[in-house]
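A look at the structure
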Amino acid sequence: MSLDVSPQLLAEAEQGKVREEYFVETVRTSLPYAYDLVARLADELLAGSAEFADNRTPPPSERERGQLLRALSSDAIRGSLERHFGIALAFQNCHRVAAFHPEARGGETHRRFTSPRSQILNQSPEFRDC
């Protein structure tokens, strides 16, 4: 799944400078499911008192799953979303994404969420092909 890059953004990249707000807008329009999911998790995290907010609902289709995998597997996309929303993202499987406060990265709860043990406990047969 590719990003739908505007000619203006492509020209900026060719000149060596890319404004992150334009890149984030490209992500929002190219990967709307992933962007909206991260936005929702950021809102939940920042509005509440929990240590993190996470998604446990599978995407409605493989198209949306592809968007999520694309967004979280790209360091550039993931990093831009984290900076844009002021969060740290963690990812366990095809759809379990969590938003943490940036300062929580590396802390006990974040380490537990990203541990091999948590990964194993969060598996089930339906995730084998995702």
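My aim in this report is to walk through the structure given alongside it, one point at a time. (Residues numbered from 1 in each chain as written. Predicted model: local features only at pLDDT ≥ 70, side-chain atom pairs only at ≥ 80, totals over all residues. Heavy atoms only, no water.)

Comments concerning the pairing of strand 3 (residues 97-100)
Taking every second residue as pointing to the same face, both faces of strand 3 are buried, with Val 97 and Ala 99 on one and Ala 98 and Phe 100 on the other. In the sheet, strand 1 (residues 52-54) pairs with strand 3 via three bridges, with the strands oriented antiparallel. Counted as the bridge partner of Ala 53 is Ala 99 from strand 3. Two successive antiparallel strands, strand 2 (residues 88-91) and strand 3, enclose a turn made up of five residues. (Buried < 20%, exposed > 50% of the residue type's maximum accessible area, 1.4 Å probe, protein only. Helix = DSSP H or I, 4+ residues; strand = E, 2+ residues; numbered from the N terminus. Pairing = 2+ DSSP bridges.)

A few points about the pattern of salt bridges
Evaluation of the coordinates by the stated rule reveals nine salt bridges. The salt bridge partner of Arg 19 is Glu 12, with a shortest N-O separation of 2.5 Å. Glu 12 sits in the buried class, given a relative accessible area of 5%. A salt bridge links Arg 105 to Glu 82; its shortest N-O distance comes to 2.7 Å. Placement of Arg 105 in the loop between strand 3 and helix 6 (108-113) and of Glu 82 in helix 5 (residues 75-85) is noted, with a sequence separation of 23 residues between them. Ionic contacts of the salt-bridge type, sharing partners, join the residues Asp 54, Arg 56 and Arg 96 into one network. (Salt bridge = Lys/Arg side-chain N within 4 Å of Asp/Glu carboxyl O.)

Brief notes about the sheet that holds strand 2
The strand order 1-3-2 describes an open sheet built from three strands, whose pairing is antiparallel. The strands lining the two open edges of the sheet, one partner per strand, are strand 1 and strand 2. Between one strand axis and the next, the sheet turns by 25° as a mean value, whatever way the strands run. Together, strand 1, strand 2 and strand 3 form the strand contacts of helix 3 (residues 32-47), whose direction differs from that of strand 3 by roughly 40°. (Axes fitted to C-alpha atoms, helices over the stretch in contact; angles between N-to-C directions. Contact = heavy atoms within 4.5 Å.)

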